[in-house]
Amino acid sequence: RYIFDYDKISASMLRNGSQEELSQSLQRATRGNVALAVVLEDLTLKPPPGWSPVGPGGGHKVCVVNTHICADPKSTDVKTWQAHVL
């Protein structure tokens, strides 16, 4: 299980720059949005040799992600950044 807290990620990535730039950037990037990712492995179905991705138990792996991305139409750059972080 992986939890992506966009507020924490943006705060750590935006530390460079002046205090004013940091404040403005954080105001745009911190919206309380989060994502949850889970990597699942099918332990009953074994893939053929050489198949990828294979989990530690030898089964097929799949990643499932649920996210709440910024919905403001004026913040397309924030949406793009949030999708990129995933």
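If you're wondering where the values come from, they're calculated on a predicted model, not measured in any experiment. (Residues numbered from 1 in each chain as written. Predicted model: local features only at pLDDT ≥ 70, side-chain atom pairs only at ≥ 80, totals over all residues. Heavy atoms only, no water.)

For sheets, the rule is that strands pair by backbone hydrogen bonds, running either parallel or antiparallel. Pairing within the open sheet is antiparallel, and its three strands lie in the order β1-β2-β3. This sheet does not close on itself; its edge strands, each paired only once, are β1 (2-5) and β3 (60-67). Going from strand to strand, the sheet's axes swing by 15° on average, the running direction of each strand aside. Strand direction decides the pairing type here: strand β2 (residues 34-42) and β3, joined by eight bridges, are antiparallel. (Pairing = 2+ DSSP bridges. Helix = DSSP H or I, 4+ residues; strand = E, 2+ residues; numbered from the N terminus. Axes fitted to C-alpha atoms, helices over the stretch in contact; angles between N-to-C directions.)

Note that N33 resides in the loop between α2 (19-29) and β2. By relative accessible area, which is 3% here, N33 ends up buried. Among the polar contacts made by the side chain of N33, one reaches the side chain of H68 at a distance of 3.4 Å. Engagement of the side chain of N33 in a polar contact is seen with the side chain of Q82, the distance being 3.0 Å. (Buried < 20%, exposed > 50% of the residue type's maximum accessible area, 1.4 Å probe, protein only. Polar contact = N/O pair within 3.5 Å; in protein donor to acceptor, adjacent residues only side chain to side chain.)

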